[in-house]
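Descriptive structure summary
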Amino acid sequence: MGRGRGIDHVGIATHNLDGLAAEYEALGFTLTPRAYHQDHMGTSNRLVQFEGRNFIELLEVDRPETMLPHGPDFMGFGQFNHDFLAKREGMSLIIFQTEDTAADLARWKAKGLDVYDQFNFERQATLPDGSQATVRFELGFVTSPAIPDVLFYVCDNKAEEHFWKPEYQSHANGAHGMISLTLCVDDPAAGADFLGALFDGLTNETPEGYGVRCGGGGIELRRPEQCKDYGWDTPPLGAIGMGIDCAARRGTTTHPADAGNVFIRWV
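Attention here is on the structure that accompanies the text. (Residues numbered from 1 in each chain as written. Predicted model: local features only at pLDDT ≥ 70, side-chain atom pairs only at ≥ 80, totals over all residues. Heavy atoms only, no water.)

A word on the overall build of the protein chain
The condition is simple: Runs of H or I in DSSP of at least four residues are treated as helices and runs of E of at least two as strands, each being numbered from the N terminus. Radius of gyration means the value over C-alpha atoms here, while the globule rule gives 2.2 Å times the residue count to the 0.38 power. Each residue is placed in one exposure class: buried if its accessible area under a 1.4 Å probe, protein chains only, is under 20% of its type's maximum, exposed if it is over 50%, and partly exposed if it falls in between. The contact rule is simple, with two residues in contact once any of their heavy atoms fall within 4.5 Å.
A count of helical and extended segments in the protein chain gives five helices and 16 strands. Against the globule reference of 18 Å for 267 residues, the protein chain gives a C-alpha radius of gyration of 17 Å, in line with a compact fold. With the C-alpha coordinates aligned to their principal axes, the bounding extent of the protein chain is approximately 50 × 45 × 35 Å. Expressed as a percentage of the 267 residues in the protein chain, the buried residues total 55%. Sequence separation of 24 or more characterises 65% of the internal contacts of the protein chain that already satisfy a separation of 6 or more.

Some remarks on a negative patch on the surface
Stated formally: A patch is a set of surface residues, each over 30% in relative accessible area and not in a salt bridge, joined within 9 Å for like charges and within 5 Å for the nonpolar side chains Val, Leu, Ile, Met, Phe, Trp and Tyr. All accessibility values rest on the Shrake-Rupley procedure with a 1.4 Å probe; residue burial counts only the protein chains present in the view. Only one rule defines a salt bridge in this text: a Lys or Arg side-chain nitrogen within 4 Å of an Asp or Glu carboxyl oxygen. Residues counted as positive are Lys and Arg, residues counted as negative are Asp and Glu, and His and the chain ends are not counted. Just so you know, the charge point we use is NZ for Lys, CZ for Arg, CG for Asp and CD for Glu.
Negative charge collects at one region of the surface, where Asp186, Asp187, Asp193 and Glu225 lie side by side. Tracing the chain through its elements places glutamate 225 in the loop between β13 (217-222) and β14 (238-245). Accessibility expressed as a relative area gives 51% for glutamate 225, which makes it exposed.

Remarks on helix α3 (residues 101-110)
To keep it simple, the criterion reads: The arc in question is traced by the directions running from the helix axis to the C-beta atoms. Distance and chemistry together define a polar contact, namely a pair of N or O atoms within 3.5 Å, with one atom able to donate a hydrogen and the other to accept it when in protein, and with adjacent residues in sequence counting only for side-chain atoms on both sides.
Those residues of α3 that sit buried are Thr101, Asp104, Leu105 and Trp108. Buried residues of α3, seen end-on, are gathered within an arc of 100° and therefore sit on one face of the element. Looking at the buried residues of α3, the elements they touch are β6 (114-115), β8 (132-143), β9 (151-157) and α5 (188-199). At the N-terminal boundary of α3, the capping side chain belongs to aspartate 100, with an oxygen 3.4 Å from the backbone nitrogen of alanine 102. A positive phi of about 85° marks glycine 112, the residue just after α3.

Quick look at the nonpolar core
Condition: Put simply, buried Ala, Val, Leu, Ile, Met, Phe, Trp, Tyr and Cys residues joined by side-chain atoms within 4.5 Å make one nonpolar core.
Counting residues in hydrophobic clusters, the biggest one holds 48 residues, and the most contacted among them are Tyr24, Phe96, Leu195 and Met242. Here this core takes five residues from α5, the largest share from any one element. Core analysis: the second largest hydrophobic core is formed by 22 residues, Phe80, Leu93, Phe141 and Trp164 among them.

What to know about the environment of leucine 68
One can find leucine 68 in the loop between β4 (55-61) and α2 (77-85). With 29 residues separating them in the primary sequence, leucine 68 and glutamine 97 have C-alpha atoms 25 Å apart. In this structure leucine 68 touches His40, Phe74, Gly76 and Gln79, once residues within four positions along its chain are discounted.

Examining the environment of alanine 13
Summarising the element assignment, alanine 13 is placed in strand β1 (residues 7-14). Residue classification places alanine 13 among the buried positions, given a relative accessible area of 1%. The spatial distance from the C-alpha of alanine 13 to the C-alpha of lysine 109 is 28 Å, given a sequence separation of 96 residues. When residues no more than four places from it in sequence are discounted, the contact partners of alanine 13 are Leu59, Asn81, Phe84, Leu85, Glu89, Gly90 and Ser92.

Structural data, given as structure tokens:
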């Protein structure tokens, strides 16, 4: 086991993208304008980009009537988020960096993991000057019964010159990047085994559960009784929080009610 693979972004699903965007702007984040995915996805988003080259995706299922449902080997992106939102709002997606989606899918399949057909899409992005550009992505999905309420995947950004913009990476709160994630799971050991297997990330047992290395950061997996301090009487299972590098707020925690049912630990 080694350093694992860096986190590319997370997706936070909401019934009200405008309302969630306002919450994140109130926290001092700069957001990209709303962008619409293709109809077969049925979703739209706004992003919080960081200079550390990862980001937060705020996501709404705004066209459920057009999204493609799951198939035998097909993971319906919109369908997964639609089903997630039927249970709760919050972090539904965890995405890792890649330079070869097909190779990652082949590697996961050889390990016996639950993988799906490669998923490619494009959308229009609004640049800081108001012009439009096409951005393209290649995705590879994988799921685990140990963490059923999270869709994991790799994302190969095929138009980075149009995607990453300094104007979108400067935040009033001074945040530089996302460095950690917290998962609430019934069996942290099984969840850590799955995450470690994805990219040979180092796993270690902690007093609260398990940790898994992800590039320069990590994912911690805790049992529900170890997650009550973050703002829930009964913590939801799945991805529940993230650590953000932000010196101005270091040592504080934002309550899930103020960040889309996700806590933010400022570090």
